[in-house]
Amino acid sequence: MSSRTEWSILAVDTGSGETLVESAPDLLLPTASVAKIFLLHHLAELLDEDRSLGELMLRKDSVAPVADSGLWQHLDVPALTMNDCARLVGAVSDNLATNVLLDHVGLAPVQAVARRVAAGGSMLNDSVRDVRRPEDPPMLSVGCAADWVAYFRTPHPTVMSWLAPSTDLSMVSAAFGLDPLAHTDPAPTDLGDNLRVWSKTGTDDGVRAEVGLLDVGGRHAAYAVICRFQGEVVPVLAQMRAYGTLILDALQGGYAPGPGPAR
């Protein structure tokens, strides 16, 4: 892989505290949609105070149309509950639902959540934009592996329920052998363990990132693998899958310290 490829990587056994793999965990890199989790966390805390907020109807035409990831832009339904908007963000990283939610709650309180739970500087910088102008933040989000592993060691349960059906298993989670469209229930592995994953990915030009929590038979690993690169994406995805294999093997009992990323 190109020498210009940069990685921020960390995986920790949440039970023992053992580091399973680590490389530049404090390095801040672009993370695309990963930091939408801060929005979900803010919503979850609002629902902790008033569950009825989840039934509030939000209109898709309250914001400008936005393309790329998501389903709502392709659906006829003009309004969804706050809960369903959050489910779309968790399941398919829905850009329109993200912007509708941000328009409703505001970016500032979401950024306050980021400053509170991410000591290393991970941040949601903006709403999603089809075109970034010179006066806009240059990237949607930044993050480091250490922040996201810390988050997934004690995640908010409502956020986890929204992330559970995430359909993007193309990166680290590609190693887990799960059905991208049906993996909310524990799945058997070759060793007979039950396996589940809760994850959020981020994709942009020259950016691939996945953060989450892997459960293998009751053993858990919080992990984050973030890459900024130039050139072909296929070698990056292969390396991310290799880290997924390493983390899975560690939880299944075959732990050996993992190598740093390929250069």
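What you see is a predicted model, and the numbers here were worked out from it, not measured in a lab. (Residues numbered from 1 in each chain as written. Predicted model: local features only at pLDDT ≥ 70, side-chain atom pairs only at ≥ 80, totals over all residues. Heavy atoms only, no water.)

1. A few points about the overall build of the protein
Here is step 1: If you tally the helices and strands in the protein, you get 7 helices and 11 strands.
Here is step 2: Whereas a compact globule of 263 residues would reach a radius of gyration of roughly 18 Å, the protein reaches 18 Å, a difference of no more than 12%.
Here is step 3: Referenced to the eigenvectors of the C-alpha coordinate spread, the extents of the protein come out at roughly 50 × 40 × 35 Å.
Here is step 4: When burial is assessed residue by residue, the protein has 51% of its 263 residues classed as buried.
Here is step 5: Of the contacts made within the protein by residues no fewer than 6 positions apart, 63% connect residues no fewer than 24 positions apart.
Here is step 6: By element, 52% of the accessible surface of the protein is carried by carbon and sulfur atoms, the whole surface being about 11300 Å².
Here is step 7: For the protein, the distance from the average position of its 19 positive side-chain charges to the average position of its 32 negative side-chain charges is 4 Å. (Helix = DSSP H or I, 4+ residues; strand = E, 2+ residues; numbered from the N terminus. Rg over C-alpha atoms; globule rule 2.2 N^0.38 Å. Buried < 20%, exposed > 50% of the residue type's maximum accessible area, 1.4 Å probe, protein only. Contact = heavy atoms within 4.5 Å. Areas by Shrake-Rupley, 256 points an atom, 1.4 Å probe, with all protein chains shown as cover. Lys, Arg positive; Asp, Glu negative; His and termini not counted. Charge placed at Lys NZ, Arg CZ, Asp CG, Glu CD.)

2. Comments concerning the confidence of the model for the protein
Here is step 1: With 95% of its residues at a pLDDT of 70 or more, the protein has an overall mean of 94.
Here is step 2: Within the model, the stretch residues 255–263 combines pLDDT values under 50 with 25 contacts to residues more than four positions away or in other chains. (pLDDT = per-residue confidence, 0-100.)

3. Some details on the sheet that holds strand E2 (residues 19–23)
Here is step 1: Pairing is antiparallel in the open sheet, where 6 strands are placed in the order E2-E1-E11-E10-E9-E8. Across the chains shown, the open sheet's two edge strands, defined by having one partner strand only, are E2 and strand E8 (187–188).
Here is step 2: Here strand E1 (residues 6–13) runs beside strand E11 (residues 219–228); their pairing, made up of 8 bridges, is antiparallel. Residue pairing in the sheet places glutamate 6 in a bridge with arginine 228 of E11. (Pairing = 2+ DSSP bridges.)

4. Topic: a negative patch on the surface
Here is step 1: A cluster of like negative charges, contributed by Asp68, Asp130, Asp204 and Asp205, occupies part of the molecular surface.
Here is step 2: Assessed through its relative accessible area of 74%, aspartate 205 is described here as exposed. (Patch = residues over 30% accessible without salt bridge, like charges linked within 9 Å, V, L, I, M, F, W, Y side chains within 5 Å. Salt bridge = Lys/Arg side-chain N within 4 Å of Asp/Glu carboxyl O.)

5. A look at helix H2 (residues 82–92)
An α-helix turns once per 3.6 residues; consequently, residues spaced three or four apart project the same way.
Here is step 1: Taken across its 11 residues, H2 has 8 buried, putting it largely inside the fold.
Here is step 2: Looking at H2, one finds that the buried residues are Met82, Asn83, Cys85, Ala86, Leu88, Val89, Gly90 and Ala91.
Here is step 3: Close packing links the buried residues of H2 with helix H1 (36–49), strand E4 (57–59), strand E5 (79–81), helix H3 (95–105), helix H6 (157–163) and strand E9 (194–204).

6. Some thoughts on the sheet that holds strand E3 (residues 29–30)
Here is step 1: One open sheet accounts for 3 strands, arranged E3-E7-E6; its pairing is antiparallel. Only two strands of the sheet have a single neighbouring strand rather than two, namely E3 and strand E6 (123–124).
Here is step 2: The pairing of E3 with strand E7 (residues 141–143) spans 2 bridges and is antiparallel. Along E7, the bridge assignment pairs proline 30 with valine 142.

7. Description of the nonpolar core
Here is step 1: One finds Phe38, Leu43, Trp148 and Phe152 to be the most contacted residues of the largest nonpolar core, which totals 54 residues.
Here is step 2: The element best represented in this core is H1, accounting for 7 residues.
Here is step 3: In contact with tryptophan 148, not counting residues within four places along its chain, are Val34, Ala35, Ile37, Phe38, Ser122, Gly143, Val211 and Ala224.
Here is step 4: Of all hydrophobic cores here, the second largest spans 28 residues; its members include Leu20, Val21, Val216 and Leu246. (Core = buried A, V, L, I, M, F, W, Y, C linked by side-chain atoms within 4.5 Å.)

8. Quick look at the packing of aromatic side chains
Here is step 1: Throughout the structure, instances matching the rule amount to 4 aromatic pairs.
Here is step 2: Taken together through their ring pairs, the aromatic side chains of Phe38, Trp148, Tyr151 and Phe152 make up a single cluster. (Phe/Tyr/Trp six-rings, centres within 6.5 Å; stacked < 30°, edge-to-face > 60°.)

9. Notes on the packing of H1 against H3
Here is step 1: Axis separation between H1 and H3 bottoms out at 11 Å; the angle between their running directions is 50°. Judged on the interaxial angle alone, H3 and H1 are oblique. Judged by the sense of rotation from one axis to the other, the crossing of H1 with H3 is left-handed. Between H1, through Lys36, Leu39, His42, Leu43 and Leu46, and H3, the contact on the second element is made entirely by Asn95, Thr98, Leu101, Leu102 and Val105.
Here is step 2: Grouping the constituent residues of the contact of H1 with H3 by class yields 6 nonpolar, 3 polar and 1 charged. (Axes fitted to C-alpha atoms, helices over the stretch in contact; angles between N-to-C directions. Parallel < 35°, antiparallel > 145°, perpendicular 65-115°, else oblique. Left-handed = near helix turned anticlockwise from the far one by under 90°. Nonpolar A, V, L, I, M, F, W, Y, C, P; charged D, E, K, R; others polar.)

10. Structural notes on unusual backbone geometry
Here is step 1: The phi torsion at alanine 24 lies on the positive side, around 45°, for a residue other than glycine.
Here is step 2: Following the sequence through the fold, alanine 24 ends up in the loop between E2 and E3.
Here is step 3: A relative accessible area of 37% places alanine 24 in the partly exposed class.

11. Let's talk about the pairing of E11
Walk down a regular strand and you will see the side chains alternate between the two sheet faces.
Here is step 1: Counting buried positions along E11 gives 7 out of 10 residues, so the element sits mostly inside the fold.
Here is step 2: Where strand E10 (residues 207–216) lies against E11, 10 bridges are found, and the strand directions are antiparallel. Across the sheet, leucine 213 pairs through a bridge with alanine 222, a residue of E11.
Here is step 3: Between E10 and the antiparallel strand that follows it, E11, lie 2 residues; glycine 217 among them carries a positive phi value of about 60°.

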